[in-house]
Amino acid sequence: MLDNYRHKGLRKKLVEELSKKGIENIDVLNAIDQIPRHLFMDNAFINFAYKDKAFPIGANQTISQPFTVAFQTQLLGVERGDKVLEIGTGSGYQSAVLLAMGAKVFSIERHRSLHLKSKNILESMGYQPKLFFGDGYKGLPTFAPFDKIIITAAAPYIPDPLKEQLKIGGVFVIPLGEGDKQEMLRLSKQEDGSFKQENFGDFSFVPMLENKSFGS
Ligand code: SAH
């Protein structure tokens, strides 16, 4: 599908909206401006692609609200060349935003259908992320350590393997908690391996499920 002037215009408006809602990082706003979000959504929702809303993407999952994507990315403080691990590839939109910012993206998804679909879209856009079908709780020990880690589903607790796979000086953004609301936490790994924790308020995510994967 094309990315036409109408899509580009709608995207500019979305960027203005996100900026008004408090997103200040220019690299994040540029990435949102650059990535055609409509390509990551089901055809039925294409007219809603540039509204600041979450939408269904199949397999009972959602593409995160643009504000949430922008907010989490801003908290991560992504720099060009950073090795970023994402848990919950979903539609692949968050991965695309990280890729547009020059990150090396490693992303895990437990729904095979979503894993395959996101891989297709991102590769057709010319990106080469490392995408994995599997359980995000375990992370990717073979590829560790990472500069940044982002979870894009509601985590009931902070998985130890992910803490271990973060570099000293690294940043981990995680929506923590079960139920309807999660607290957005930023953990920064200190020299001695401990974590400084900051809380950025309530958000709402689909659950990060354990010991389950769908598709084979
Ligand atoms: N970053 C995505 C958001 C998708 S919603 C986007 O931009 O579209 C969260 C995703 O996390 C869902 O696709 C869900 O299937 C996935 N998920 C949930 N638990 C997981 C786990 N344990 N390991 C990997 N992915 C998981």
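Just above, that's the structure.
Residues numbered from 1 in each chain as written. Predicted model: local features only at pLDDT ≥ 70, side-chain atom pairs only at ≥ 80, totals over all residues. Heavy atoms only, no water.

(A) Structural view of the layout of surface pockets. Put simply, the largest pocket is a space of about 460 Å³. As for the largest pocket, its lining consists of 35 residues, of which Thr62, Gly88, Thr152, Ala153 and Val206 are closest to the centre. Breaking the lining of the largest pocket down by element, the ones donating at least two residues are strand E2 (61-63), helix H3 (66-76), strand E3 (83-87), helix H4 (93-100) and strand E4 (104-109). If you tally residues by element for the lining of the largest pocket, the top one is E2, at three residues. Looking at side-chain class alone, the lining of the largest pocket contains 15 nonpolar, 16 polar and four charged residues. (1 Å grid on protein atoms, 1.4 Å probe; cavity = no way out; pocket = protein on both sides within 12 Å on 5 of 7 lines; lining within 4 Å. Points joined across faces, edges and corners; volume = space filled by probe spheres on them. Helix = DSSP H or I, 4+ residues; strand = E, 2+ residues; numbered from the N terminus. Nonpolar A, V, L, I, M, F, W, Y, C, P; charged D, E, K, R; others polar.)

(B) The site of the ligand, seen in detail. Of all residues adjacent to the ligand, which total 27 residues, the nearest are Glu86, Ser91, Glu109, Gly136 and Leu209. In the environment of the ligand, a nitrogen atom lies 3.0 Å from a nitrogen or oxygen atom belonging to the backbone of Gly88. With respect to the ligand, the backbone of Leu209 contributes an N or O atom lying 2.8 Å from a nitrogen atom. Burial of the ligand by the protein chains amounts to 100% of its free accessible area of 580 Å². Applying the majority rule of atoms within 2 Å of the grid points places the ligand in the largest pocket. Elements that contribute at least two residues to the shell around the ligand include exactly E2, E3, H4 and E4. Among the elements that line the shell around the ligand, the one with the most residues is E2, at three residues. Considered class by class, the residues forming the shell around the ligand number eleven nonpolar, twelve polar and four charged. (Near = heavy atom within 4 Å. Polar contact = N/O pair within 3.5 Å; in protein donor to acceptor, adjacent residues only side chain to side chain. Areas by Shrake-Rupley, 256 points an atom, 1.4 Å probe, with all protein chains shown as cover. Sits in = over half its atoms within 2 Å of the grid points.)

(C) Representation of unusual backbone geometry. Cis geometry is found at the peptide bond from Ala144 to Pro145, where omega equals 0°. Examined against the element boundaries, Pro145 turns out to sit in the loop between strand E5 (130-133) and strand E6 (146-151). Even without glycine at this site, Ala59 takes up a positive phi of about 55°. Tracing the backbone shows Ala59 in the loop between strand E1 (55-58) and E2. Of note, the phi angle at Asn60 is positive, near 65°, even though the residue is not glycine. Positionally, Asn60 belongs in the loop between E1 and E2.

(D) Quick peek at the packing of helix H2 (residues 26-34) against H4. Interhelical geometry of H2 versus H4 gives an angle of 120° and a closest axis separation of 9 Å. In terms of orientation, H2 lies oblique with respect to H4. Both H2 and H4 take part in a crossing whose hand is right-handed. Where H2 approaches H4, its residues Ala31, Ile32 and Gln34 are matched on the opposing element by Tyr93, Val97 and Ala100. Its residues assigned to classes, the contact of H2 with H4 shows five nonpolar, one polar and no charged. (Axes fitted to C-alpha atoms, helices over the stretch in contact; angles between N-to-C directions. Parallel < 35°, antiparallel > 145°, perpendicular 65-115°, else oblique. Left-handed = near helix turned anticlockwise from the far one by under 90°. Contact = heavy atoms within 4.5 Å.)

(E) Here's a closer look at the sheet that holds E6. As summarised here, the arrangement of the seven strands in space is E5-E4-E3-E6-E7-E8-E9, forming an open sheet in which the pairing is mixed. The two strands at the open ends of the sheet, each matched to only one other strand, are E5 and strand E9 (195-203). Adjacent strand axes in the sheet meet at a mean angle of 15° when their direction is disregarded. Across seven bridges, the pairing between strand E8 (residues 182-189) and E9 is antiparallel. Across the sheet, residue Arg186 finds its bridge partner in E9, namely Glu198. Of the strands in this sheet, E3, E6, strand E7 (166-176), E8 and E9 touch H3, which is tilted by about 155° from E7. (Pairing = 2+ DSSP bridges.)

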